[in-house]
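Secondary and tertiary structure notes
The chain contents come next:
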Amino acid sequence: MKSYYVYVLRSDIDARLYKGHANDVAKRLKEHNTGKTKSTKGYLPWRLVYFETFKTKPEAIFREKYFKTGSGREFLKGKIVS
């Protein structure tokens, strides 16, 4: 059964966070760190700091959208250690 993930990356340059979803987090992280993602290539390298697993893609997308809200960012502050 295929799993979907919501992941949070932190830039080693300025500690900014990037939230996304994928079905292969390792592959997606490699894409971010090789500059294949336009929105993240200026802040290389990226480190995986948090992820959650879901059974369906819509569930993962819904959670990703939550992480991009104010309350979602507050939730992540409690989960991610600097």
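Here goes a summary of the coordinates provided.

On to the pattern of salt bridges, then. Considering all chains together, one arrives at 6 salt bridges under this definition. Between Arg16 and Asp14 there is a salt bridge, and its shortest N-O distance comes to 2.9 Å. The exposure class assigned to Asp14 is partly exposed, which follows from its relative accessible area of 36%. With its nearest N and O atoms 2.8 Å apart, the salt bridge here joins Glu52 to Arg63. On the criterion of sequence distance, the pair formed by Glu52 in strand E3 (residues 46-54) and Arg63 in helix H2 (residues 57-67) is long-range, its members being 11 residues apart. Glu52 gets classed as buried once you look at its relative accessible area, which sits at 14%.

Within the secondary structure, His32 sits in helix H1 (residues 25-33). On the basis of relative accessibility, which here comes to 0%, the residue His32 falls in the buried class. Along the chain, His32 and Trp46 lie 14 residues apart, while their C-alpha atoms are 7.1 Å from each other. If sequence neighbours within four positions are ignored, His32 has contacts with Tyr7, Leu9, Tyr18, Thr37, Thr40, Leu44 and Trp46. Of note is the side chain of His32, whose polar atom sits 2.9 Å from the side chain of Tyr7.

Conventions we followed
- Residues numbered from 1 in each chain as written.
- Predicted model: local features only at pLDDT ≥ 70, side-chain atom pairs only at ≥ 80, totals over all residues.
- Heavy atoms only, no water.
- Salt bridge = Lys/Arg side-chain N within 4 Å of Asp/Glu carboxyl O.
- Buried < 20%, exposed > 50% of the residue type's maximum accessible area, 1.4 Å probe, protein only.
- Helix = DSSP H or I, 4+ residues; strand = E, 2+ residues; numbered from the N terminus.
- Contact = heavy atoms within 4.5 Å.
- Polar contact = N/O pair within 3.5 Å; in protein donor to acceptor, adjacent residues only side chain to side chain.

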